[in-house]
Structures are given as structure tokens and as C-alpha cells.
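# Analysis of the macromolecular model
Take a look at the letters that make up each chain.
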Amino acid sequence: MKSLLLWLAVFCYLGNSFCQEDGVIADMTCRWDAGLSESKQWNGDFFPNISNIQYEGPSSRNPLAYHWYNAEEEILGKKMKDWLRFSVAFWHTFRGDGGDPFGSPTKTWPWEDGSNSVQMAMTRMKANFEFLKKLGVERWCFHDRDIAPEGATLEETNRNLDTIISLAKELQLGTSIRPLWGTAQLFKHPRYMHGAATSPDIKVYAYAAAQVKKAMEVTHELGGENYVFWGGREGYQSLLNTDLKKELDHMATFLQSAASWKKKLGFNGTLLLEPKPQEPTKHQYDWDAATTIGFLQNYGLKDEFKLNVECNHATLSGHSCHHELETARINGMLGNIDANTGDPQTGWDTDQFLTDVTEATLIMLSVVKNGGLAPGGFNFDAKLRRESVDVEDLFIAHISGMDALARGLRNAAALLQDGVLTKLVEERYASFDSSLGTSIEAGEVGFEELEVKAFEWGEPTLSSGKQELAERILQSFT
Ligand code: XUL
Ligand code: CO
């Protein structure tokens, strides 16, 4: 009896430490007996009430069908699926539990046993593949630590990761499902509280390097097409205790090492930096697209990286998503989009599925002008609301996000084919089409010649910016 009680105590302790490691308040998913009550072996049938999602056209009222996304249909000479290259974010869809700083998890998916075990990780990976197949999406994105649990040592953690990667490899056999990108989670564990590449502790810098090295290896092993760096803790809380120059230098050497490792590994994917201004740190170094491009240029890294623009991060930095996309695009740096949106009434990263058609049209205008995103794509870095607790909600959310962008693509193509808006913009700058304008743009005209012209021309006449007309044109296409 005594030893039985002892075992029970050990079991409770282990159960709870898994939960704490996962940063989850111990109640709903951290029931000490959760592992015991679950006897079903999950090998399939995660979503028994949902069939493969089909295209039914704009007149359909079926929420579990595509109304605008028709994968094989050609728009501007390319299939919709090739323009859009959708991806499911494993962390939101399979690790998001609805918990927030004030409340316990709300989502108890039928296949979850409340643990963070390797066995549970394997089950989730199977659910991921079934979800992708039913949705008709061929890509997914992951952090190393969302797909496999952290062990007691780095060696054990790497072994856990290898187990899950070989399962994912098996599951992708005979399918065209591959990771759009992988990344290392360098922000959740306490060791990274001061940063990873920008930590003042050399041991943390080395640990992060080892983690990224492995995450790049496994992304490559699965045939991933890109690799992302989001500097969740690469920033500061106070400049009083921070050596700003040293931290930026360290971030650059870290990224340089990643670029070298990529070559040694024979990985041809694109390395992507994901700007975000703050949250979790007060100030993050990759503030926005322009700051990130400037940083890369400064450290001679511009040819090694592109950007992963996230719409909600754009609004947090005080820009529109369209602005961030255009900034990346005109610099030849638009690599991928984390497709989501924020809430206009809240000031943090709400990671909602993007459903606004006008917003989607502006996004797709940039993407079409960019000639697409490949080998990048649209990763749904978006989560269900805390109150959405049905498995079906996972499908509806993704379908809705996909349909919004598909509709945006149709609108953007029509707008560009129509040409009126393009013409309006060209006309605003037409005076520079003159021979003097061409010489100015070539940097061949100085202030002295311009002064002569200014005297000759006198006061410029005012011409309308035609903003309302431009808005009217956009409105007629959305
Ligand atoms: C956080 C965020 C991350 C990155 C990947 O705001 O967007 O999920 O996309 O680390
Ligand atoms: Co993101």
C-alpha cells in the first residue's frame, strides 16, 4: 500500500512538472490522471465528421467548402495553389490550447491526453497530416519544440526530435506535403530570458546555436523549403543594463553562422527574418521591414536572407501589412507571409485569421507584383479564439482564411488587368518621364542646374493626388 502511494505521488509530480515545463496552468489539460483515462490509440480518424474540403463556388453557403479558393484554377497564368502556397502553423493548430494570462486552457481536443510526452507528440503529428489532407493544404510550419518535447539534456531533446521527424517523414511518404518552413523555439525556455543570439551569456549563445543547427538539419531532412528566424527575445527591456552595439553585433555573427551552416548542410531553402516590434520584449531588434533590411545591409547579410512579413506584426509596428509587404518587395526581400490580422481595438498580437477582403486584396496586389512568393508561401500564423472549442472550428478558420486570400487574389488580378489604378499612379509621376526627369533619376543633375530650372518654371501648379478616386477604384474591385 505504502509503495503504491509512493508511485502515485511520483506520477502526480511528473505529470505536473510536464505541465509546468509547458508553461500551462495546471488544471484542464494537466489532470494528474489524464494519461490513465485515455486508452484509445490514435492512428487516424481524428476528424471523423469532416470530409475532404471541396470547392463549391461563391454561391455556396456550406461553411465547410471553399467558395473562392479553387486550387487548380489558373489566375494570371498560374494555378491558385501556386500563387497561394498555404501552410498550417503547427503551434497554433495543434499546440494552441486557448489558455491566456487570465485563464486555463479551454481546448481539449479528443486526441490529447494532457501530457507532453513523445507518444503524445507522435499522435499530434498524425492529426496534423490528417488535417492537411482533408483541407487540401500541402505545407505546414513548425518550431522544434512544438513538435517534440524538450528532454532533460540537449542530447535527449535531439533524440525526441529525431523520433518525431522520422514519423513525419513516414507520414509524408507518397504525399506532396512538406514543411514550408521550420524554426527553433528560442523564446519559451527560461534559459532564453535575456535573449538567445543576443544573450549576454556565452553559454546561452552556444546553446541557441546548437538548437538552430539541429532545427535547420531536421527542416532540411523533411524537404522544408525555408527556415525562419523570429527573434522573440532578441531585444531589450532596459537600455540601462544593455550593450546595444554588442547585442546587434552578436545577432549578426549568429545569423552569419546560420548562413554558413546552411551551405555546409547543402540546404537550398531561403533563410527568413520575421520582423516584430515588441512583445515579448519591450523593444525587439527586428522592429519592422525597413529596420530589418537596414540591419542586414549594415552587416553584409542582405544576400543571405529575405523577410517573413506577418500582418499583425506590421500593425503593431504602426504600419499596414501592405506597407510592410511593399517595403520588402521593392527591396527584393519579400520571402514569405505569416497570414493573420490583429484586432483594431487591441494593441497586441491577437493572431486572428484574416477575413477582410479589402485587406486581402491589398496583400495580393503586393504578392502578384512580386511574381508570387515561392519558395515562400502563406503560413496561417493564426489561432482560434479562446471561446472556439469545437474541432470543426479549426477547419472553418483555415477555410475562411484561405477563401479571403483567394478572393483577394481574384480581385488583385482583376484590378491589375483593368489597369486604371496603375495608370493613375503613373500619371502622378509623369513629369519625371521627361529627359530632365530621367537625368535626375540617374543622379546626373545637381542643385545648381535645378535652381536654374526653378527660376525658369516659377511656382509649380497644384495637381490633385486623386486619393478618393484611387479608393473608389479599389472599392469597385472588392
Ligand atoms: C510570434 C510569431 C512566431 C513566429 C515563429 O509572434 O509570429 O510564431 O512566426 O517563431
Ligand atoms: Co509569425
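One structure accompanies this document, and this report is about it. (Residues numbered from 1 in each chain as written. Chains lettered and ligands numbered in written order. Predicted model: local features only at pLDDT ≥ 70, side-chain atom pairs only at ≥ 80, totals over all residues. Heavy atoms only, no water.)

Looking only at helices and strands, the protein chain features 18 helices and 12 strands. Taken over the C-alpha trace, the protein chain has a radius of gyration of 25 Å; the compact-globule value for 478 residues is 23 Å, and the two agree within 12%. Put simply, the protein chain has 478 residues, and 48% of those count as buried. Across the protein chain, contacts joining residues at least 24 apart in sequence account for 75% of those joining residues at least 6 apart. Of the accessible surface of the protein chain, which amounts to about 23400 Å², a share of 54% is contributed by carbon and sulfur atoms. Averaging the positions of the 46 positive and the 66 negative side-chain charges in the protein chain gives two centres separated by 5 Å. (Helix = DSSP H or I, 4+ residues; strand = E, 2+ residues; numbered from the N terminus. Rg over C-alpha atoms; globule rule 2.2 N^0.38 Å. Buried < 20%, exposed > 50% of the residue type's maximum accessible area, 1.4 Å probe, protein only. Contact = heavy atoms within 4.5 Å. Areas by Shrake-Rupley, 256 points an atom, 1.4 Å probe, with all protein chains shown as cover. Lys, Arg positive; Asp, Glu negative; His and termini not counted. Charge placed at Lys NZ, Arg CZ, Asp CG, Glu CD.)

Moving on, we get to the pairing of strand 11 (residues 334–338). Burial analysis of strand 11 places 5 of its 5 residues in the buried class, which makes it a mostly covered element. Inspection of the sheet shows strand 10 (residues 305–310) paired to strand 11 by 4 bridges, in the parallel sense. Looking at strand 11, one finds that Glu310 is bridged to Asp338. Relative to strand 12 (residues 378–380), strand 11 runs parallel, the two sharing 2 bridges. Its bridge partner being in strand 12, Ile337 is matched across the sheet by Phe378. Once you follow strand 11 into helix 13 (residues 357–369) and on to strand 12, the crossover reads as right-handed. (Pairing = 2+ DSSP bridges. Right-handed = clockwise from strand over helix to strand, strands pointing away.)

Covered by surrounding structure in strand 3 (residues 86–89) are Phe86 and Val88 together with Ser87 and Ala89, the residues of both alternating faces. Bridge count for strand 3 against strand 12 is 3 bridges, and the pairing is parallel. Residue pairing for strand 12: Val88 is matched across the bridge by Phe380. Where strand 3 meets strand 4 (residues 139–143), 3 bridges bridge the pair, whose relative direction is parallel. Its bridge partner being in strand 4, Ala89 is matched across the sheet by Cys141.

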